[in-house]
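Descriptive structure summary
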Amino acid sequence: LAMKSLGSEGLFLFSSLDTNNDLYLSPEEFKPIAEKLTGVAPTSEFEEEETSDPSGETLSVVAKFQPLVMETMTKSKDGFLGISHVALSGLRNWTAPAVPMSVLLARQFKAFLPPKNKVDLGDLWWIIPSELNIFTGYLSNNRFYPPPPKGKEVIIHKLLSMFHPRPFVKSRFAPQGAVACIQAISTFYYTIAFRIHAEFQLNEPPDFPFWFSPGQFTGHIVLSRDSSHVREFKLFVPNSRSLNVDMEWLYGASESSNMEVDIGYLPQMELESTGPSIPSVIHDENGNVIDSRDPSGEPIQFVFEEITWQQQMPWEEAARRLEVAMYPFKKVSYLPFTQAFERAKAEKKLVHSILLWAQVLPPPLPGSGRTLRETVLESSPILALLNQSFVSSWSLVKELEELQSNRENELHSKLAALHLEKYNFPVEMIICLPNGTVVHHINANYFLDITSMKPEDVESNIFSFSTNFEDPSTATYLQFLKEGLQRAKPYLQS
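Residues numbered from 1 in each chain as written. Predicted model: local features only at pLDDT ≥ 70, side-chain atom pairs only at ≥ 80, totals over all residues. Heavy atoms only, no water.

**A closer look at the sheet that holds strand β19 (residues 350–356)**
Spatial ordering of the open sheet is given by β18-β20-β19-β21-β22, a layout of 5 strands whose pairing is mixed. Unpaired on one side and paired on the other, β18 (334–335) and β22 (438–443) mark the two borders of the sheet. Across the face of the sheet, helix α11 (residues 410–422) comes into contact with β19, β21 (427–432) and β22 while running at roughly 130° to β21. Of the strands in this sheet, β19, β20 (390–396), β21 and β22 touch helix α13 (residues 472–487), which is tilted by about 160° from β22. (Pairing = 2+ DSSP bridges. Helix = DSSP H or I, 4+ residues; strand = E, 2+ residues; numbered from the N terminus. Contact = heavy atoms within 4.5 Å. Axes fitted to C-alpha atoms, helices over the stretch in contact; angles between N-to-C directions.)

**Some thoughts on the packing of aromatic side chains**
Summed over all chains, the structure comprises 22 aromatic pairs. With 5.0 Å between their ring centres and 10° between their planes, Phe-210 and Trp-249 make a pair best called stacked. Taken together, the residues span a long stretch of sequence, with Phe-210 in strand β8 (residues 210–214) and Trp-249 in strand β11 (residues 245–250) at a distance of 39 residues. The same class applies to Phe-210 and to Trp-249, which are both buried. Pairwise contacts between aromatic rings join Phe-65, Trp-94, Phe-163, Phe-200, Phe-212 and Phe-217 into one cluster. Across the ring face of Phe-80, the terminal group of Arg-92 is positioned such that the distance to the ring centre comes to 5.2 Å. Here the basic side chain of Arg-225 rests over the ring of Tyr-190, its NZ or CZ set 4.5 Å away from the ring centre. (Phe/Tyr/Trp six-rings, centres within 6.5 Å; stacked < 30°, edge-to-face > 60°. Buried < 20%, exposed > 50% of the residue type's maximum accessible area, 1.4 Å probe, protein only. Lys NZ or Arg CZ within 6 Å of the ring centre and 35° of its normal.)

**Notes on the confidence of the model for the protein chain**
Averaged over all residues, the pLDDT of the protein chain is 85; the fraction at 70 or higher stands at 80%. Here residues 361–367 is modelled with pLDDT under 50, and outside its nearest four sequence neighbours on either side it reaches 24 contacts, counting other chains as well. (pLDDT = per-residue confidence, 0-100.)

**Section: the nonpolar core**
Membership of the largest hydrophobic core comes to 61 residues, with the highest contact counts inside it found for Ile-354, Leu-377, Met-429, Tyr-477 and Leu-481. Here this core gathers at least three residues from each of two domains, domain 1 (57–291 + 299–323) and domain 2 (328–455 + 463–493). Grouped together as the second largest cluster of nonpolar side chains are 55 residues, Leu-104, Ile-127, Val-169 and Leu-271 included. (Core = buried A, V, L, I, M, F, W, Y, C linked by side-chain atoms within 4.5 Å. Domains from an automatic or database assignment.)

**Some thoughts on the packing of helix α7 (residues 337–347) against α11**
Where α7 contacts α11, the two axes come as close as 10 Å, and the packing angle between them is 100°. Here α7 lies roughly perpendicular to α11, going by the angle between them. Seen from α7, the contacting residues are Phe-337, Thr-338, Phe-341 and Glu-342; seen from α11, they are His-412, Leu-415, Ala-416 and His-419. Of the residues in the contact of α7 with α11, the class split is 4 nonpolar, 3 polar and 1 charged. (Parallel < 35°, antiparallel > 145°, perpendicular 65-115°, else oblique. Nonpolar A, V, L, I, M, F, W, Y, C, P; charged D, E, K, R; others polar.)

**Side note on the environment of Val-222**
Relative to the elements of secondary structure, Val-222 occurs in strand β9 (residues 217–224). Remark: the alpha-carbon pair of Val-222 and Phe-233, spanning 11 residues in sequence, is separated by 6.5 Å. With sequence-adjacent residues up to four places away left out, Val-222 is seen in contact with Tyr-189, Tyr-190, Thr-191, His-229, Val-230, Arg-231, Glu-232, Ile-307 and Trp-309.

**As for the packing of helix α10 (residues 397–405) against α11**
Geometry of a packed helix pair, given as the angle between the helix axes and the separation of the axes. Between α10 and α11, whose axes approach to 7 Å, the crossing angle comes to 135°. Taken together, the axes of α10 and α11 lie oblique to each other. In terms of crossing hand, the pair formed by α10 and α11 is left-handed. On α11, the residues touching Val-397, Leu-400, Glu-401, Leu-403 and Gln-404 of α10 are His-412, Ser-413, Ala-416, Ala-417, His-419 and Leu-420. (Left-handed = near helix turned anticlockwise from the far one by under 90°.)

In structure tokens:
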């Protein structure tokens, strides 16, 4: 009946708003359309509570944004053949931040403060907990408008909205949410490092959804323990790798429609405070309100005390802790490709390498990096063996293609070429000697196929199931690693 009344594209739009799938739109579900038609967005309860302090300090934040370099998308190699101009219109038209500058209340940043039981250097906690895992699956692709942010989501939604009007504070796939860590402590201040996994919806009806998912947002905030003052704030998408954004877009009016995937490079996406937060109302020593400008009309200059840190840790260590919180499989260090071979040679170990097409592949693609890292690579027996006998690396195909074509370093070019010879889409797991010789490899699709079979149906004894582990994936991957060690024994003994 709904299909008959609305047609497939009308039903697609209706379904994107009907979040509980009851075929009725509540006022809350209809809200995005109301805001679109009226141009008025109501203030959230959380914001109302925060704006009740008229004399609180304010923080000025500027947005810096350079659009995606279209030439870095793999589809650009064939001139985007077969991709309608409409599909990429939201991406092509996004050339500047939605809000170049915003003035925010310092107290809104209290969402970044640690809970009462997390007060030590290096302590971790979730600002926005992840609600997804390998068992819960993932959130719908068929959505255009973000759900109203609640609680601590409000400030993160407000900040990300400076880039684009449709940020989804919780990504569709695990690991989602925002995690934080105490990086430095003083008597009155904290430095908090944080990492956020969020994404943007670039299209609106009648176009189909286009998801833009940076690898991560990270940054730090220096704020007082009572959140009345923010000394500095910075949030950014890291741009040190050659690819840092995943993109996915639908080609039809249903969840099962064809989905196109691509990757690309975003040169700059960052927010930064212009200086410390300052009082919105200034009082003299007698408590009288005074003008914020001196007699000559110049703004009054504030002098801030220097913060003396009693404990602090390097940014790299804080970032590593945040990464392990998001990705437990990274309890094993995954080194850059060439560094892994240098370390393996020095420690006389094998290289365990994961080679994949993109950082994130959507769940409909079997054998994705996401499936691996949420299952076998997180398991204790695998972590233990990798730490003991291997040096691990996690690389993108495009990065190795660039290494291979760089003739200035023949060794790196050769190492990359030996890897690429064995690669098959979407993910290849490779074990090799420190000189690059591949002793064993398995494609993720094949790996998932055999681990979903009954033990008696698996012909090859190379990937036999072990009765010591209940999980066939863990047992099979363990066998793969041990087989690699066995094949490399002549080298390791020499």
